[in-house]
Amino acid sequence: MHIELSEEQLLLRDSVRQFAEEVVKPRAKEIDETGEFPRQFFAQAGELGLAGVAVPEEYGGAGMDPLSYSIVIEEISRACASSGVILSVNNSLACDPILKFGTEDQKQSYLKPLARGQMLGCFALTEPEAGSDPAAIRTSAVRQGEEYVLNGNKVFITNGTDADIAIVFATLDREKRHKAITAFIVPADTPGYSHGTHEYKLGVNASGTTELSFADMRIPVNQRLGGEGEGFKVAMSALDGGRLGIASQAVGIAQVAFEEALAYSRQREQFGHPIVDFQAIQFYLADMSTEIDAARLLTWKAAWAKGSGRRFSLEAAQAKLFASEMAQRVTSKALQIHGGYGYVREYNVERYFRDARIAEIYEGTSEIQKMVISNWVIENS
Ligand code: CAA
């Protein structure tokens, strides 16, 4: 089994790391505090090909593979977790479904600008009463001639405050649950479309999370993404890629927390020694580095499975489940190594601890990942 990165992937990792260190990291603390959406970062990322990493070049992307995508999200999240999820959502939840289910016209009109970072995408699935159970959404779509009329509300939409395009999921008939869900590509300047203000959150505070509302929004039939009733499949297959992105984000957050804890343990002296000399700290560092490597390998396996072209729901769910819970444990240990300094805002580690928490919740909670994994292993073993 070959698990080394190729020359091209190593080059990508180094150049993205440099961009992240020079451009993304210096603003991470400030945008966490203010909640400002880093639109300039997104445009710069787009110029570097990071807004559509695995989108073919003919549609405005960088034409790379899913493992390259994972590397990009890890490196950006190592500098700023908000920026990591902004990019992950644009790549996985906006570009991917158009690439997979879109018509040629939709790819030309919407995928190209999204993949180039000229437009920002969001994914409008979750509703106040439909989070883990998206088959229960209430946003309605009623066909009237060559248009659909959409009405409803969405919540917790990452990138929602700044998105130019939303992938919106609506139902043609609530009784039919997932079989009636239909996806639409909706430009944010469509009459009837509006968004709320930015939600202040525990972590990833600059990711533009907000509500969306649709009031008698008229969407032409040619903006339907996939067929009538195919929307649930569009959402679920996009979320498989999204979960790979969130696993990569969790690895990036854990990696930087580990690096800063190691550096701190070398310079912090107690009892006349740097604390790295104490076995308690050494064992923390051993556990942290082992868990990060395990999570990264599961994440790379999910990327490889995506690249094979087959359904990879199992690998994506396993990677997200393990990597997100790992990031919680690793950032907690990193905070513990920092002692009292870990608990104050002067150091970054409390931010990493807060940022890591969401990875166990969005794009399917840990409990949902366990449902996906157990269903798969019970049916296929
Ligand atoms: N790919 C393709 N098709 C899929 C699929 C996938 N990954 N998963 C399910 N399907 C298909 C099934 O094959 C089935 O098809 P048929 O009708 O042809 O048999 C159909 O979809 C229904 O599948 P289920 O019966 O398994 O559906 P369910 O209602 O029991 O739900 C679930 C399954 C795994 C619990 C799913 O509802 C789920 O993933 N819930 C979590 C939702 C979620 O992750 N939300 C995140 C919101 S977005 C977000 O957080 C983004 C952000 O802003 C950061």
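Caption draft 1: Focus on the overall build of the protein. A count of helices and strands for the protein gives 10 helices and 10 strands. In the protein, which comprises 381 residues, the share counted as buried stands at 55%. Within the protein, counting contacts between residues at least 6 apart in sequence, those at least 24 apart form 75% of the total. Carbon and sulfur atoms make up 52% of the accessible area of the protein, which totals about 16,500 Å². Here the protein holds 38 positive side-chain charges and 51 negative ones, and the gap between their average locations is 4 Å.

Caption draft 2: Just the site of the ligand, in detail. Contacts to the ligand come from 27 residues, most closely from Thr-158, His-178, Asp-240, Arg-243 and Glu-363. Ser-132 is positioned such that a nitrogen or oxygen atom in its backbone is 2.9 Å from a nitrogen atom of the ligand. Expressed as a share of its isolated accessible area of 1,100 Å², the protein-covered part of the ligand is 72%. Taken together, the elements giving at least two residues each to the shell around the ligand come down to helix H4 (81-101), helix H6 (231-267) and helix H10 (366-380). Ranked by residue count, the leading element in the shell around the ligand is H6, at 7 residues. Its residues assigned to classes, the shell around the ligand comprises 12 nonpolar, 8 polar and 7 charged. Looking at which domains feed residues into the shell around the ligand, each of domain 2 (122-228) and domain 3 (232-380) supplies at least three.

Caption draft 3: Summary view of the pattern of salt bridges. Applying the stated criterion across every chain, the model contains 26 salt bridges. The shortest N-O distance in the salt bridge between Arg-177 and Asp-133 comes to 2.8 Å. Of this pair, Arg-177 sits in the loop between strand S4 (165-171) and strand S5 (181-187) while Asp-133 sits in the loop between strand S1 (121-124) and strand S2 (140-144); the two residues are 44 residues apart in sequence, bridging distant segments of the chain. Overall, the relative accessible area of 35% leaves Asp-133 in the partly exposed class.

Caption draft 4: Representation of the pairing of S5. Across the 7 residues of S5, 7 count as buried, placing the element largely inside the fold. Pairing geometry for S4 and S5, over 7 bridges, is antiparallel. Bridged to Phe-169 within S5 is Ala-183.

Caption draft 5: Highlighting the nonpolar core. Residues Ile-76, Leu-87, Phe-123 and Phe-169 are the most contacted members of the largest nonpolar core, which totals 92 residues. Among all residues touching Phe-123, those that are not within four sequence positions of it are Leu-93, Ile-157, Ile-167, Phe-169, Ala-235, Ala-238 and Leu-239. Counting 18 residues, the second largest nonpolar core, distinct from the first, contains Ala-124, Ala-141, Leu-150 and Met-217.

Caption draft 6: Spotlight on the side chain of Thr-210. Looking at where Thr-210 falls in the secondary structure, it is placed in strand S7 (residues 210-220). A polar atom in the side chain of Thr-210 sits 3.0 Å from the backbone oxygen of Gly-196. Once residues within four sequence positions are removed from consideration, Thr-210 is found in contact with Val-155, Phe-156, Ile-157, Gly-160, Thr-161, His-195, Gly-196, Thr-197, His-198 and Glu-199.

Caption draft 7: View of the domain arrangement of the protein. Each assigned domain of the protein is listed here: domain 1 (7-119), domain 2 (122-228) and domain 3 (232-380). On the domain 3 side, the residues contacting the 23 residues of domain 1 number 35 residues. Taken together, the two surfaces of domain 1 and domain 3 that pack against each other cover about 2,300 Å², and 57% of this comes from carbon and sulfur. Linking domain 1 with domain 3 are 5 salt bridges. Here Arg-296 ties to Glu-74 by a salt bridge, and the two come within 2.8 Å at their closest N and O atoms. Where domain 1 touches domain 3, the interface holds 9 residue pairs in polar contact (both at pLDDT 80 or more).

Caption draft 8: Fine view of the packing of aromatic side chains. Applying the stated criterion across every chain yields a total of 7 aromatic pairs. Summarising the aromatic geometry, the rings of Phe-271 and Phe-278 are spaced 6.2 Å apart at their centres and angled 85° between planes, so their arrangement reads as edge-to-face. In this structure Phe-271 comes out as exposed when scored by relative accessible area, which is 76%. A residue is classified by how much of its surface remains accessible, and Phe-278, at 27% relative accessible area, is partly exposed. Joined through ring pairs, the aromatic side chains of Tyr-264, Tyr-341 and Tyr-347 make up one cluster.

Scoring rules and cut-offs
- Residues numbered from 1 in each chain as written.
- Predicted model: local features only at pLDDT ≥ 70, side-chain atom pairs only at ≥ 80, totals over all residues.
- Heavy atoms only, no water.
- Helix = DSSP H or I, 4+ residues; strand = E, 2+ residues; numbered from the N terminus.
- Buried < 20%, exposed > 50% of the residue type's maximum accessible area, 1.4 Å probe, protein only.
- Contact = heavy atoms within 4.5 Å.
- Areas by Shrake-Rupley, 256 points an atom, 1.4 Å probe, with all protein chains shown as cover.
- Lys, Arg positive; Asp, Glu negative; His and termini not counted.
- Charge placed at Lys NZ, Arg CZ, Asp CG, Glu CD.
- Near = heavy atom within 4 Å.
- Polar contact = N/O pair within 3.5 Å; in protein donor to acceptor, adjacent residues only side chain to side chain.
- Nonpolar A, V, L, I, M, F, W, Y, C, P; charged D, E, K, R; others polar.
- Domains from an automatic or database assignment.
- Salt bridge = Lys/Arg side-chain N within 4 Å of Asp/Glu carboxyl O.
- Pairing = 2+ DSSP bridges.
- Core = buried A, V, L, I, M, F, W, Y, C linked by side-chain atoms within 4.5 Å.
- Buried area = accessible area lost by both parts, 1.4 Å probe.
- Phe/Tyr/Trp six-rings, centres within 6.5 Å; stacked < 30°, edge-to-face > 60°.

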